[in-house]
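If you want the building blocks of each chain, they are given just below.
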Amino acid sequence: SGREIMRSAVCRLVECVALAGLTLPVKTQVRLLDSLDDSVKHPLPSISLSAVAGLRALLAGYFPVSGDGPSDRLHARVLQKYVKILTTEDNAGATRGFALALGCLPAKLLAFDGRALGSAVGALCDCADVGRRVGEEPDAETRRNCVTALTELVTTVGVGDARVVSVAGTDGKELRTVGLDSAMTSRVFDTLFKCMEDYSMDKRGDVGSWVRCAALVGLEATALEAVRGSRGLRTAEEELEGGEEEILPGLEERLKTFVGDDVEQKVMSCVGAGKPMREEWAEWSPPARYFDVPTAVKMLGLILKQLAEKLDNVRDLAGNILSRLLNEKVIPCVADRVILVEALRSRSDVAMNWASPGVTFRMVVKAMNIDSYHAPIVEGLVVSVGGLTESVVKSSSAALLDWMKTMKKLKGWRHLARLGRTLLEIMGRYKKNERIIVPALKTVHLLLQNDALAKERKPKENRAEDDEEETANEFEVSLLKIMKAEASGSRSYKKLVAIVDCLLDCAGGVSWDEGGEAEKVYWDELLTFLFVLLAHPFAKLRKYVAEQLYITCLDNDALVKDQAKYDDACSLILETPWDLDLEGEDGEAGVRVKRNELADLFGVSLSEKARAKRERKKGENKKQVDELASYRSLVDETGR
């Protein structure tokens, strides 16, 4: 409407007046500040952003401070007010706007001392947390704006003394601003790392991706500022080698003092004045490090994870940021830099299109062999392989299978076994989380179908040399435990289908005549679990299990212990309508009875509890509701 257009125009006018440096009385400055504050909390993002731009210019061009910082009144009017609104307001428009307003403050109002700077950093970090709520509801825009503001704050005040500036005060003194100290820098990094794990969903979709994109930009800016503010930063190779750190000037530096003909005169002069012979000795301080190898490894791992995930815009942003950060002159302490650069290097002179799944995934999987980045890359690939977008699923699956084939060709059993362990760790870490569990099970299904997870083992005489190698049976035993835990109490059809697929992949290797005792115990437990699912309350799932079990029996007739019963078992699977009533009705045998008969033919021992007929609860309908009954009734009535 016209009011919104005028608000945005006025905010732009105030910004231009401030940038032009027009002389304004204090009363007018305050009125303009009040007007901008009123527009900052507007629900329309365009107006809020215009007001923040106006605030940035107005506060930088006006409102002078003394050598001790802003007055108590100005401090309460700006910094304290913005922090209070951000942390206590229930209006989402206000928290979104004032988060950005807090980030746009100039250093003279924000970093005149460590306490003021710490309050701003603390408020932004707290409100960027994924569990933070505005009123009673979570608000992704507030979290995103907090991360964006945190990034601008870091680039404004810097880390350490890299961006410390002196501002002329109204009292003739100079105000020297402060930068982020070690504790604040660590908190900023921790907040950004947590925001990289924001996968919040609402009716608009993956709104957490807004926060992750803002965190990607923030990580790049904060890392550059931390490196700029550090002194004596060590490379990854130096960290591995260890060695002593310099806590005093080196011998070579100290010997320079004694070079020259006037040494005696210098000594006598300095002793008399009570000053050191070299002024730089007095100013010398031990190395200050705000960035190190572990931080770099975690940061790059999270970026690589986003590069391996399913959203094109996130991959594009992550790829471009990663390319800039891998520049040796930018960040020196990157582990395995050469291998990582080689893996992600484009083979042509054309600029990389990181949003293209056909190109990106084939490059990312090459970095899976780097120990430092293996786990985050696999976690990102899992989401892509088990996703819904056809192009992403196809490209990521092909890249992963190509990597698997290369490892098998090069006899890289250790890498294949580690992939299996990583998948188990991911599923163990994200228990009952369908966002990860379902794609992880789909990924396991893909790998089991292609014999990737240590199906081929080293010769026995060589296995003792590699303690990390895991046999296929060990992986499948652990996988079965996880699937049992996930299926327990689950009402998710997608998850249960993924579990059935993995179970039948494992069942494809059953051979009762050739297996050892440990394998027979595992196979018996696996088939028992499969037959429990064959009597699941979901009729659609029972039908799916029966269909896939029949196909598996055709591929592997050794699945039935007694081969004389093989034909009878296959016939019973085909003849039973598995989607009918589980317990039966009107004296007819239900699906559970047929399932028990089939288990006997397969030689599977079910517990008495699993075999027993479930008593109907009071008030429960005896007859199964036909989902098409209403449609048939409508057709019948229309036909009449």
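Everything numeric in this text was worked out from a predicted model, so none of it was measured.

Draft legend 1. Spatial organisation of the confidence of the model for the chain. Across the chain, pLDDT averages 85, with 83% of residues at or above 70. Within the model, pLDDT remains below 50 along residues 454-472, and this stretch shows 29 contacts once partners closer than five positions in the same chain are excluded.

Draft legend 2. Region of the structure containing the packing of aromatic side chains. Under the definition given, this model contains four aromatic pairs. Members of the aromatic cluster, connected to one another through ring pairs, are Phe 189, Phe 193 and Phe 291. Just above the ring of Tyr 199 sits the side chain of Arg 435; from NZ or CZ to the centre is 3.7 Å.

Draft legend 3. Quick peek at the packing of helix α9 (residues 182-195) against helix α10 (residues 208-229). It is the contact of α9 with α10, at a shortest axis distance of 9 Å, that shows an interaxial angle of 150°. As far as their axial angle goes, α10 and α9 are roughly antiparallel. The element α9 and its partner α10 pack so that their crossing is left-handed. On the side of α9, the interface is formed by Val 188, Phe 189, Leu 192, Phe 193 and Cys 195, while α10 contributes Val 211, Arg 212, Ala 215, Gly 218, Leu 219, Thr 222, Ala 223 and Ala 226.

Draft legend 4. Up close: the side chain of Arg 315. In this fold, Arg 315 is placed in helix α16 (residues 312-325). Overall, Arg 315 belongs to the buried group, its relative accessible area being 0%. A polar contact is formed between the side chain of Arg 315 and the side chain of Asp 312, at a distance of 2.4 Å. Ignoring any residue separated from it by four or fewer positions in sequence, one finds Arg 315 in contact with Gln 306, Leu 307, Glu 309, Lys 310, Trp 354, Ala 355, Ser 356, Pro 357, Thr 360, Phe 361 and Val 392.

Draft legend 5. Focus on empty space enclosed by the protein. Under the defined criterion, the tally for this structure stands at two cavities of 30 Å³ or more. What the largest cavity holds in volume is close to 40 Å³. Lining the largest cavity we find Met 368, Val 378, Leu 381, Val 382, Leu 400, Leu 419, Leu 423 and Thr 443. Tallying contributions element by element places helix α19 (residues 374-385) first for the lining of the largest cavity, with three residues. Across the lining of the largest cavity, the residue classes break down as seven nonpolar, one polar and no charged.

Draft legend 6. View of the packing of helix α8 (residues 140-157) against α10. Their axes nearest at 9 Å, the elements α8 and α10 cross at an angle of 15°. It follows from the interaxial angle that α8 and α10 lie roughly parallel. Where α8 crosses over α10, the handedness of that crossing is left-handed. Where α8 approaches α10, its residues Ala 140, Glu 141, Arg 143, Arg 144, Val 147, Thr 148, Thr 151, Val 154 and Thr 155 are matched on the opposing element by Trp 210, Val 211, Ala 214, Ala 215, Val 217, Gly 218, Ala 221, Thr 222 and Glu 225. For the contact of α8 with α10, the per-class residue count stands at nine nonpolar, five polar and four charged.

Definitions and cut-offs
- Counting restarts for each chain, with residues numbered from 1 along the sequence as it is written.
- Reporting of local features is limited, given that this is a predicted model, to residues whose pLDDT is at least 70; pairs of side-chain atoms are given and counted only at 80 or more, and all residues count toward the totals for whole chains, interfaces and linings.
- The basis for the side-chain values is all heavy atoms of the structure; hydrogens and waters are excluded.
- The score called pLDDT rates the predictor's confidence residue by residue, from a low of 0 to a high of 100.
- Note on contacts: a residue pair is in contact if any heavy atoms of the two residues lie within 4.5 Å.
- Each pair of aromatic rings taken from Phe, Tyr and Trp, with Trp reduced to its six-membered ring, is defined by centres within 6.5 Å and is described as stacked if the planes are under 30 degrees apart, edge-to-face if over 60, and tilted in the remaining cases.
- Placement of a charge over a ring requires the Lys NZ or Arg CZ to be within 6 Å of the ring centre, with the centre-to-atom vector within 35 degrees of the ring normal.
- Only C-alpha atoms enter the line fits that serve as axes; for helices the fit covers just the stretch in contact. Angles between N-to-C directions range over 0 to 180 degrees.
- Comment: elements are numbered from the N terminus, with helices defined as DSSP H or I runs of at least four residues and strands as E runs of at least two.
- The cut-offs work like this: below 35 degrees is roughly parallel, past 145 is roughly antiparallel, 65 to 115 is roughly perpendicular, and the gaps in between are oblique.
- In this scheme, a crossing is called left-handed if the near helix is turned counterclockwise away from the far one by less than a right angle; it is called right-handed if the turn is clockwise.
- Per-residue accessibility, obtained with a 1.4 Å probe over protein chains only, is compared with the maximum for each type, and a residue is labelled buried under 20%, exposed over 50%, and partly exposed between these values.
- For the purposes of these results, a polar contact is taken to be a pair of N or O atoms within 3.5 Å, where, inside protein, one atom must be able to donate a hydrogen and its partner to accept one; residues adjacent in sequence count only when each atom of the pair is a side-chain atom.
- Site definitions follow a grid-based scheme: protein atoms alone, a 1 Å grid, a 1.4 Å probe that fits but cannot get out for cavities, and for pockets an open set with protein on both sides within 12 Å along at least five of seven lines, plus lining residues having an atom within 4 Å of a point.
- Grid points are joined across faces, edges and corners, and a volume is the space filled by probe spheres set on the points.
- Each residue gets one label: Ala, Val, Leu, Ile, Met, Phe, Trp, Tyr, Cys and Pro are nonpolar, Asp, Glu, Lys and Arg are charged, and the others, such as Gly, are polar.

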